[in-house]
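Chains, contacts and geometry: an overview
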Amino acid sequence: MRSSFSARHAFRFLAVTAATMISLTAPAALAQDVDKIIADKGCEDCDLRLRELRHLEIESANFTDAVLREADMKEAILPNSSFRNADLRRTELERANLSGSDFYKGAMRGIDMEKANISGAKFQRADLRNSDLNDSNMEGADFTKADLRDASLIRVKGANSIFANAKMDIVDLERSDLRGADFSNARLKYSDLDRVDASGASFEGADLTGVRFSSANLSGANLKGADLSSALLRHTRLNDVDLTAAKGLDPERVIGACGNENTKVPYGVELKTCAE
């Protein structure tokens, strides 16, 4: 019995000693890891989940195929970097500079990119479901065939951004700048586009079923072949828009909207003249 008791205590002593040594050396090891990431200009195919990478600064970094799930990368400066096929689920990237970076086929569900600079970035075929992109700068970014269902894009700067063939069901785009954006053949069912400026944007062939366009500016927008079934156009600005090219529009759901002499409307739709 005494021998067994002593062995147990010896094992516990060794375990506690080892854990203490690990806890003391862990910060230094992590610091060395960050230094190595900076020196190597990234970490391709590395497992960096849960890492503290706040303020990381690298130009043209390579994180292709890396696992960055739930990492803290707030305010990181990583322009023109590669995150192709990377795992960024629930990663924290608030206020990060990721302009010009490539997120092709990235797993990004639940990512937080609030107030980030992602202008000119590429998100083709990326999974961005339930993501937070509020107040971000995404001018000229490419979301072709991306999955943005249930994402929040409130007050984004999205002029000339591309959402062609994207899945955008129940997305909140309220108060966003979407001038000249391309939503051709995108699916935006039941999304909120209240107070957006989408002048000159293309919604050609888009599914706009149940979309809210209250107090939105759609002047010069292309709605050819768009499905406006159950959509609400309340106080919507429609200068130079051809609504006859769209389908499914319910005249009773066009309320207080305005247009000009170049606006074309289907039978039963009445518009007032827009104020200058």
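Residues numbered from 1 in each chain as written. Predicted model: local features only at pLDDT ≥ 70, side-chain atom pairs only at ≥ 80, totals over all residues. Heavy atoms only, no water.

1. Here's the deal with the overall build of the protein chain
Definition in use: Secondary structure is summarised from DSSP: a helix means a run of H or I of at least four residues, a strand means a run of E of at least two, and numbering begins at the N terminus for each. For each residue, the accessible area found with a 1.4 Å probe, counting protein chains only, is set against the maximum for its type, and the residue is called buried under 20%, exposed over 50%, and partly exposed in between. Any pair of residues with heavy atoms lying within 4.5 Å of one another is described as a contacting pair. Per-residue accessibility takes into account occlusion by the displayed protein chains alone, with areas from the Shrake-Rupley method and a 1.4 Å probe.
Along the backbone of the protein chain there are 1 helix and 4 strands. Walking the protein chain from its N terminus toward its C terminus, one meets helices and strands in the order α-β-β-β-β. Burial analysis of the protein chain (276 residues in total) assigns 45% to the buried set. Within the protein chain, counting contacts between residues at least 6 apart in sequence, those at least 24 apart form 2% of the total. Accessible surface, the protein chain as shown: approximately 13600 Å² in total, 47% of it carbon and sulfur.

2. Examining the state of the cysteines
Basically, it comes down to this: Only a pair of cysteine sulfur atoms within 2.5 Å counts as a disulfide in this structure description.
All told, the structure shown has 2 disulfides when counted by the stated rule. With a sulfur-sulfur separation of 1.8 Å, Cys-43 is cross-linked through a disulfide to Cys-46. Torsion about the S-S bond of the Cys-43 and Cys-46 cystine: about -75°, corresponding to left-handed handedness. The residue that forms a disulfide with Cys-258 is Cys-274, at a sulfur-sulfur distance of 2.0 Å. The chirality of the disulfide connecting Cys-258 with Cys-274 is right-handed, given an S-S dihedral of about 90°. Remark: Cys-274 occurs in the segment after strand 4 (272–273) and Cys-258 occurs in strand 3 (residues 258–259); sequence separation between them is 16 residues. With a relative accessible area of 9%, Cys-258 lands in the buried category.

3. Observations concerning the confidence of the model for the protein chain
We apply this condition: Per residue, pLDDT captures the predictor's confidence, and it can take any value from 0 to 100.
Mean pLDDT over the protein chain stands at 91; residues scoring 70 or higher make up 88%. When pLDDT is averaged over each helix and strand of the protein chain, the minimum, 54, is found for helix 1 (residues 2–39) and the maximum, 98, for strand 1 (residues 233–234). When the criterion is pLDDT under 50, residues 1–5 qualifies, and its contacts beyond four places in sequence or with other chains add up to 0 contacts. In this model residues 13–29 is a low-confidence stretch, pLDDT under 50, and it forms 0 contacts with partners more than four residues away in sequence or in other chains.

4. With respect to the nonpolar core
Where we set the bar: Joining through side-chain atoms within 4.5 Å is the link that ties buried Ala, Val, Leu, Ile, Met, Phe, Trp, Tyr and Cys residues into a set, and such a set is a nonpolar core.
Formed by 74 residues in total, the largest nonpolar core has its most connected members in Phe-63, Met-113 and Phe-203. Once residues lying within four places of it in the same chain are set aside, the contact partners of Met-113 are Leu-93, Leu-98, Phe-103, Met-108, Ile-118, Phe-123, Asp-132, Leu-133 and Ser-136.

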